[in-house]
Amino acid sequence: GIAHQFDQILLMSVKPGSAGQLFLDSTYSKIEQLKKIRSDNKLTFTIAVDGGLHDTNIPLLSRLGVNTGALTATLFNSQKDIDLAARYKQLCKLAA
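In short, a report on the structure. In this text, all values refer to a predicted model and were calculated from it rather than measured experimentally.

## As for the nonpolar core
Of all hydrophobic cores here, the largest spans 16 residues; its most connected members are Ile 31, Phe 45, Val 49, Leu 53 and Leu 61. Only β1 (8-12), α1 (26-40), β2 (46-50) and α2 (58-64) provide two or more residues apiece to this core. Ranked by residue count, the leading element in this core is α2, at three residues.

Take a look at the structure:
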C-alpha cells in the first residue's frame, strides 16, 4: 500500500458542500480501518476528521484515536469562540 507515504490522513466526516452538517456515522468504521492499517504496518500517520464535530462526538473520536478535527462552522457560529475552543480542548483531554 501507499499509506507509508502519508503523515496525516483526513477523513471527510460530512458530505462536502455546506457548513453545519451532521457527522456521518460511516466515519467511525473508516477510523477503525485506518487504525488497523496503521497498527498492522507499524505506521505513524495521524488521523484527522473534517466536519460535524460537536461536544457529544469529540470525546468518542478522541478515544478512537482521531488526532485532529476541523471545527470551523462550530467555532464561527458561536458567540463565545474562545470559550468554545477551550471547552473542546478540555473535552479531548478528558477523553484521552
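After presenting the structure, the write-up continues.
## Remarks on the pattern of salt bridges
Counted under the stated rule, the structure contains two salt bridges. Among the ionic pairs, Asp 40 bridges to Lys 36, the shortest N-O distance being 2.6 Å. Linking Asp 40 with Lys 36, this pair stays in helix α1, spanning four residues, or about one helical turn. Under the relative-accessibility criterion, Asp 40 is labelled partly exposed at 48%. Judged by its relative accessible area of 51%, Lys 36 falls in the exposed class.

## A few points about the pairing of β2
Relative to β2, β1 runs parallel, the two being bridged by five bridges. Considered in β2, the bridge of Ile 9 is made with Ile 47. Once you follow β1 into α1 and on to β2, the crossover reads as right-handed. The parallel pair β2 and strand β3 (residues 68-70) is bridged by α2, and the resulting crossover is right-handed.

Basis of the calculations
Residues numbered from 1 in each chain as written. Predicted model: local features only at pLDDT ≥ 70, side-chain atom pairs only at ≥ 80, totals over all residues. Heavy atoms only, no water. Core = buried A, V, L, I, M, F, W, Y, C linked by side-chain atoms within 4.5 Å. Buried < 20%, exposed > 50% of the residue type's maximum accessible area, 1.4 Å probe, protein only. Helix = DSSP H or I, 4+ residues; strand = E, 2+ residues; numbered from the N terminus. Salt bridge = Lys/Arg side-chain N within 4 Å of Asp/Glu carboxyl O. Pairing = 2+ DSSP bridges. Right-handed = clockwise from strand over helix to strand, strands pointing away.

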